Amino acid sequence: MKTVHAILAASALLAVAPFASAASNCTIRLQGNDAMQFDQKAASVSASCPKITIELTHAGKMPVAAMGHNVVISQTADMAAITSAGMKAGAAGNYLPKGDPKVIAATALIGGGGHTSASFPGNKLKAGGDYSFFCSFPGHSALMKGKLTVTK
Ligand code: ZN
C-alpha cells in the first residue's frame, strides 16, 4: 500500500496532462433527462483500465416508473436482444435480463434527481471492438444510445 500511495502522490505532484487524460478514459459520465436523452452520443474508455466506472446522473424530475434511466454496456450487436429481454424482465427486474452474459456492465435504474454508478474491469472490453451504451427502459434505446469506443 505504501508504494501505491507514493505513486499517487508522485502523479499528483507532477500533475501533467497525460495522467489526467488517462484517468478520464476510465470513467464514462452520462446525464439523462426527462426528454429521454443522454447528454452524449459517444464515449471512449481504455481497455487497460483496471476499473472502468460509469457515472449516471438523472437531471430530470420524472419518477423512475415513468422515465427511468440506466446505462447498459454491451456489444452493439447484442443491444436489441438485451432490450427485448429487458422488457420481459419488466419493472420488477429493472428492465434488465438477470445474469445475461451479453450485459458487460449496467448501472441501477434511477429516476429524476438520482445519481448512480457502477464499475467493471477494463479487460471485459477489447480495444477496437464494436460496443454501445444505452438505456434499457422500454423504448428508450431508440434515442438513448451511443457508441463506446474502446482504446488499448
Ligand atoms: Zn431511460
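Report follows, based on the coordinates. (Residues numbered from 1 in each chain as written. Predicted model: local features only at pLDDT ≥ 70, side-chain atom pairs only at ≥ 80, totals over all residues. Heavy atoms only, no water.)

Further remarks concern the nonpolar core. Counting residues in hydrophobic clusters, the biggest one holds 27 residues, and the most contacted among them are Ile-28, Phe-38, Ile-73, Phe-120, Leu-125, Phe-133 and Leu-148. Listed by contribution, the elements that provide at least two residues to this core are β1 (27-32), β2 (42-46), β3 (52-58), β7 (131-134) and β8 (145-151). The element that contributes the greatest number of residues to this core is β3, accounting for three residues. Discounting residues that sit within four places of it in the chain, Ile-28 has contacts with Ala-43, Val-45, Ile-52, Thr-53, Ile-54, Glu-55, Ile-73 and Leu-148. Of all hydrophobic cores here, the second largest spans six residues; its members include Val-72, Ile-82, Leu-96 and Val-103. (Core = buried A, V, L, I, M, F, W, Y, C linked by side-chain atoms within 4.5 Å. Buried < 20%, exposed > 50% of the residue type's maximum accessible area, 1.4 Å probe, protein only. Helix = DSSP H or I, 4+ residues; strand = E, 2+ residues; numbered from the N terminus. Contact = heavy atoms within 4.5 Å.)

The next subject is unusual backbone geometry. Here the phi dihedral of Met-36 falls at roughly 60°; this positive angle occurs in a residue that is not glycine. Along the polypeptide, Met-36 turns up in the loop between β1 and β2. Under the relative-accessibility criterion, Met-36 is labelled partly exposed at 24%. Here the phi dihedral of Asn-94 falls at roughly 55°; this positive angle occurs in a residue that is not glycine. By the secondary structure assignment, Asn-94 is in the loop between α4 (79-89) and β5 (105-106).

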